[in-house]
Amino acid sequence: MSGLFRTGAGSDLASLTTSAVRDGDHYVVNGQKIWTTWAQWADWIFCLVRTHKGERPQQGISFLLIDMRTPGITVRPIRTLDGEAEFNEVFFNDVRVPVENLIGTEGEGWGYGKYLLEYERFSMSGAARSKRILGELKEDAARLGVANDPLLQDRMTRIEIQRLALEHMELKLLSQSEAGENPGPEASKLKIRGTEIAQALAQLRLDIWGSQVLPYSEAFLEGEADAENPAAAGAAAAWLNLRKLTIWGGSNEIQRMILAKQVLGLR
Ligand SMILES: Cc1cc2nc3c(=O)[nH]c(=O)nc-3n(C[C@H](O)[C@H](O)[C@H](O)COP(=O)(O)OP(=O)(O)OC[C@H]3O[C@@H](n4cnc5c(N)ncnc54)[C@H](O)[C@@H]3O)c2cc1C
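Treat the numbers as computed from the prediction; the structure is a model and nothing was measured.

Here the protein chain is described as being made up of domain 1 (4–109) and domain 2 (124–263). Using C-alpha coordinates to define each centre, domain 1 is positioned 30 Å away from domain 2. If you look at the interface, domain 1 gives eight residues, while domain 2 gives 10 residues. Around 680 Å² of area is buried between domain 1 and domain 2 when both sides are counted, 58% of it from carbon and sulfur atoms. Our count for the contact surface shared by domain 1 and domain 2 stands at one salt bridge. The salt bridge partner of Lys244 is Glu86, with a shortest N-O separation of 3.1 Å. Counting across the domain 1 and domain 2 interface gives two residue pairs in polar contact (both at pLDDT 80 or more).

What follows covers the confidence of the model for the protein chain. This prediction gives the protein chain a mean pLDDT of 91; 93% of its residues lie at or above 70. Of all helices and strands in the protein chain, the one with the weakest mean pLDDT is strand E1 (residues 4–6) (55), whereas strand E8 (residues 102–103) scores best (98).

This brings us to the nonpolar core. Val29, Leu64, Ile66, Ile73, Phe92 and Val95 are the most contacted members of the largest nonpolar core, which has 18 residues in total. Considering every element that reaches this core, the biggest residue donor is strand E7 (residues 87–98), with four residues. Residues in contact with Leu64, not counting those within four places in the same chain, are Ala20, Tyr27, Val29, Ile45, Phe46, Cys47, Val49, Val97, Asn101 and Leu102. Core analysis: the second largest hydrophobic core is formed by 17 residues, Leu137, Met156, Leu173 and Ile197 among them.

Moving on to the site of the ligand. Close to the ligand lie 19 residues; Ser11, Trp35, Thr37, Ser251 and Glu253 are nearest. Within the side chain of Ser11, an N or O atom sits 2.6 Å from an oxygen atom of the ligand. Backbone polar atom of Trp35 to a nitrogen atom of the ligand: 2.6 Å apart, as the coordinates give it. Notes on the ligand: free accessible area 960 Å², of which the protein chains cover 65%. Secondary-structure elements contributing two or more residues to the shell around the ligand are E1 and helix H7 (252–263).

Within the structure shown, the criterion is met by 15 salt bridges. The shortest N-O distance in the salt bridge between Arg96 and Asp23 comes to 3.0 Å. Highlighted residues: Arg96 in strand E7 and Asp23 in strand E2 (residues 19–23), separated in sequence by 73 residues. In this structure Arg96 comes out as partly exposed when scored by relative accessible area, which is 39%. Between Asp140 and Arg205 there is a salt bridge, and its shortest N-O distance comes to 3.7 Å. Of the two residues, Asp140 sits in helix H2 (residues 127–143) while Arg205 sits in helix H4 (residues 187–209), which places them 65 residues apart along the sequence. Overlapping salt bridges bring together Arg132, Glu136, Asp140, Arg143 and Arg205 as one network.

Parameters at a glance
Residues numbered from 1 in each chain as written. Predicted model: local features only at pLDDT ≥ 70, side-chain atom pairs only at ≥ 80, totals over all residues. Heavy atoms only, no water. Domains from an automatic or database assignment. Contact = heavy atoms within 4.5 Å. Buried area = accessible area lost by both parts, 1.4 Å probe. Salt bridge = Lys/Arg side-chain N within 4 Å of Asp/Glu carboxyl O. Polar contact = N/O pair within 3.5 Å; in protein donor to acceptor, adjacent residues only side chain to side chain. pLDDT = per-residue confidence, 0-100. Helix = DSSP H or I, 4+ residues; strand = E, 2+ residues; numbered from the N terminus. Core = buried A, V, L, I, M, F, W, Y, C linked by side-chain atoms within 4.5 Å. Buried < 20%, exposed > 50% of the residue type's maximum accessible area, 1.4 Å probe, protein only. Near = heavy atom within 4 Å. Areas by Shrake-Rupley, 256 points an atom, 1.4 Å probe, with all protein chains shown as cover.

Written out as structure tokens, the structure is:
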């Protein structure tokens, strides 16, 4: 398992501070990265690191593949409200990485990272997953006798319309990709709409189960999920966990900035 980690930076990716200094046939990496998803299971990690200071902050960033078993790497888990520990802080302390683990050309990592991020954002669309969840929610609503509630039907229909539009966009970008074109800044649209729909569905699930969720959310905060009613327990956990969606992969505010500049041409 591996992931892409933008070390020592958040939205302002080009300001990243984790450094890699050449020492013979190795780079020596120092720095840290918070919020590294599943780092505790990863064997390898792709890192954007600063190998030199360029005229522009985007210059001098390199792309390194690092073996997670290398001495000097510490992974510290972060426990979240849903009782999970999916995310971690990763520390690099004099980590020696063979020069052959450099991807592409030294100092050109910004371009590689941007390319990969387009695909990461594309993958966050999740139109098929949202379709499945909407189907499950319809079943839950029927089981709980609220399926004919007009307000609930209105919310489900609005989400379904947005989801269908998202699926259409996703298929369009997929066929472009098959024809050899990159997703480009359009991937930001998929990230925004896909994550908003996923959060709206999590809210809907919570509202459908109503007060039945309360004892389970308590159990989750204590780290003891109750299996008696997994759907209700899952509603609370999913709502808490999915707050992340509009932040990770580049926050949705940043995606809107990308669309404003690169698609609408605003300055
Ligand atoms: C749960 C979780 C998992 C993650 N997993 C990974 C991972 O596996 N790998 C990885 O590399 N990273 C990961 N991240 C990091 C994630 O990409 C960053 O958190 C994200 O890019 C936001 O950066 P930040 O947290 O530093 O917030 P900041 O950059 O400090 O932003 C704070 C707020 O300010 C807003 N903001 C910042 N700049 C602007 C601007 N110019 N215009 C308008 N609004 C702005 C942001 O939208 C946000 O609301 C994860 C984050 C989370 C929360």
